[in-house]
Amino acid sequence: MTAVVGARRRVTVSELVLRYPALGPSCALLLAVVVFSLVTNTFLSLDNISLVVEQSLVVGTLALGQTLVILTAGIDLANAAIMVFGTLLMAKLAGAGGGLTALLAGIVLCAAVGSISGVLVTSLRLPPFIVTLGMLTVVAASSRIFAAGQSFPVSNGLLNLLGQRFYLFGQIEITLGMLLGLAMFLFAWYALSRTAWGRHVYALGNDPEAARLTGIHVNRTLFSVYLLAGVIYGFAAWQAIGRIPNADPNAYQTGNLDSITAVVIGGTSLFGGRGGVLGTLVGALIVSVLRSGLTQAGIDELYQDVATGLLVIVAVALDQLARRRSR
């Protein structure tokens, strides 16, 4: 009897990167934590780690919605502006005494604006970049008109709820906003990795025509992505008010770019079809860790922006290189 033994093919680095997009960012996050812990005396303290997570919260939630859009080979340049408009509506309605009404109205507003982008992309087949660039201008201007150049302090208990703090094991400071953010990431991870909808999103990002030929309702799936992203931006608005109880039309002006940075650094391809929300979570933490560590090391904020920009370029370059080598 002859035994036939098949030789195992060696898995290349590029194949590992494509198979596990969050692997590289996770290693980068660990390396950054180790470096800043050695360079500074305060970085690894429990208070600072909690602050780093809290600082990544709002942008991380924006990046969660951005991930869904980018997985379909799109992009959303208006996400932060939509969120800010949501905070303004919540704050203004809360001033009239309706906390729950204000919260629901803000989330519905964000979902409605996201839906408009979805309709324009699916029905008119306009490029997502152009659609969301136009929405960015429209929503940002509408926010300033709505606010009349003012900011609105928020003292409503429900809207401020996510800023409530408590201590885990008596030492680790946690906010309810952090728990909500974690719950949303877990929900999105489950939806993308364990449901038919998630498989359709990835298929759409890889090849829309092939997805259509396999029976996937491309327009319906694409619209649902923009709708869900809008809902997520609404929850980000709630988190923003919980963290800083003030709605300002000029807030988070670079939030859209910061969210894209977190998504790209987290290993999600700008060309669609590859990546996931776990990598985005790591990417948001990397950005926050980088800024916190460099600040504590005495590095000027402008140089921090340079380092973040270079990191984005390197992440995109590695994604392209991995794709070419896997062909």
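Residues numbered from 1 in each chain as written. Predicted model: local features only at pLDDT ≥ 70, side-chain atom pairs only at ≥ 80, totals over all residues. Heavy atoms only, no water.

Asker: Please give an account of the overall build of the protein chain that cites residues and values.
Answerer: On a plain count of helices and strands, the protein chain comes out with 14 helices and four strands. Radius of gyration (C-alpha) of the protein chain: 21 Å, near the 20 Å computed for a compact globule of 327 residues. Expressed as lengths along the three principal axes of its C-alpha atoms, the size of the protein chain is roughly 85 × 55 × 40 Å. A separation of at least 24 residues holds for 76% of the contacts in the protein chain among residues at least 6 apart in sequence. (Helix = DSSP H or I, 4+ residues; strand = E, 2+ residues; numbered from the N terminus. Rg over C-alpha atoms; globule rule 2.2 N^0.38 Å. Contact = heavy atoms within 4.5 Å.)

Asker: Would you mind going over a nonpolar patch on the surface in detail, with residue names and values included?
Answerer: A grouping of Leu 30, Leu 31, Val 34, Val 35, Leu 38 and Val 39 is seen on the molecular surface, where their side chains present a nonpolar patch of about 600 Å² in accessible area. Among the secondary structure elements, Leu 31 is positioned in helix α2 (residues 23–39). (Patch = residues over 30% accessible without salt bridge, like charges linked within 9 Å, V, L, I, M, F, W, Y side chains within 5 Å. Areas by Shrake-Rupley, 256 points an atom, 1.4 Å probe, with all protein chains shown as cover. Salt bridge = Lys/Arg side-chain N within 4 Å of Asp/Glu carboxyl O.)

Asker: Could you give an account of the packing of helix α6 (residues 99–123) against helix α7 (residues 128–147), with specific residues and numbers?
Answerer: Contact geometry for α6 and α7: axes closest at 10 Å, N-to-C directions at 145°. Crossing of α6 over α7 shows right-handed handedness. Across from Val 113, Ile 116, Ser 117, Leu 120 and Val 121 in α6, the residues of α7 making contact are Pro 128, Val 131, Met 135 and Val 139. Residue composition of the contact of α6 with α7, grouped by class: eight nonpolar, one polar and no charged. (Axes fitted to C-alpha atoms, helices over the stretch in contact; angles between N-to-C directions. Left-handed = near helix turned anticlockwise from the far one by under 90°. Nonpolar A, V, L, I, M, F, W, Y, C, P; charged D, E, K, R; others polar.)

Asker: Report on the environment of Ala 203, specifying residues and quantitative values.
Answerer: Its place among the elements puts Ala 203 in helix α9 (residues 196–206). It is 23 Å that separates the C-alpha atoms of Ala 203 and Thr 261, two residues lying 58 residues apart in sequence. Residues within four places of Ala 203 in sequence aside, it is in contact with Pro 208, Ala 211 and Ile 216.

Asker: Report on the nonpolar core, specifying residues and quantitative values.
Answerer: In this structure, Met 83, Met 90 and Leu 159 are the most contacted members of the largest nonpolar core, which totals 54 residues. Breaking this core down by element, the ones donating at least two residues are α4 (57–71), α5 (79–95), α6, α7, α8 (176–194), α9 and α11 (218–243). In terms of residues, this core owes the most to one element, α11, which gives 12 residues. Dropping the residues within four chain positions of it, Met 90 is found in contact with Ala 102, Leu 103, Gly 106, Ile 107, Leu 159, Gly 234, Ala 237, Trp 238 and Ile 241. Of all hydrophobic cores here, the second largest spans 12 residues; its members include Leu 29, Phe 36, Val 52 and Leu 290. (Core = buried A, V, L, I, M, F, W, Y, C linked by side-chain atoms within 4.5 Å. Buried < 20%, exposed > 50% of the residue type's maximum accessible area, 1.4 Å probe, protein only.)

Asker: Could you give me a rundown of the pairing of strand β3 (residues 172–175), with the residues and numbers involved?
Answerer: In this structure, strand β2 (residues 165–168) lies alongside β3, joined through four bridges in antiparallel fashion. Across the sheet, Leu 168 pairs through a bridge with Ile 172, a residue of β3. (Pairing = 2+ DSSP bridges.)

Asker: Account for the packing of α5 against α6, naming residues and giving values.
Answerer: Two measures define how a pair of helices packs: the angle their axes make with one another and the distance between the axes. The contact between α5 and α6 brings their axes to 8 Å, and the two run at 155°. Between α5 and α6, the angle falls in the class roughly antiparallel. When the axes of α5 and α6 are compared, the crossing they make is right-handed. Only Thr 101, Ala 102, Leu 103, Ala 105, Gly 106, Ile 107, Leu 109, Cys 110 and Val 113 of α6 make contact with α5, whose side of the interface consists of Ile 82, Met 83, Phe 85, Gly 86, Leu 89, Met 90, Leu 93 and Ala 94. (Parallel < 35°, antiparallel > 145°, perpendicular 65-115°, else oblique.)

Asker: So what about the pattern of salt bridges? Which residues, and what values?
Answerer: The tally for this structure, following the rule as stated, stands at five salt bridges. Measuring nitrogen to oxygen at the nearest pair gives 4.0 Å for the salt bridge that ties Glu 54 to Arg 243. Here the residue Glu 54 occupies a position in helix α3 (residues 46–55), and Arg 243 occupies one in helix α11, the gap between them amounting to 189 residues. Its salt-bridge partner being Asp 305, residue Arg 291 comes within 2.9 Å of it at the nearest N-O pair. In this pair, Arg 291 sits in helix α13 (residues 277–296) while Asp 305 sits in helix α14 (residues 301–326), placing the two residues 14 residues apart along the sequence. Several salt bridges converge on common partners, so that one network encompasses Glu 54, Arg 165, Glu 173 and Arg 243.

Asker: Summarise the confidence of the model for the protein chain; cite the residues concerned and give the values.
Answerer: With 93% of its residues at a pLDDT of 70 or more, the protein chain has an overall mean of 90. A low-confidence stretch, residues 1–6 stays under pLDDT 50, and its non-local contacts, those more than four residues away or across chains, total zero contacts. (pLDDT = per-residue confidence, 0-100.)

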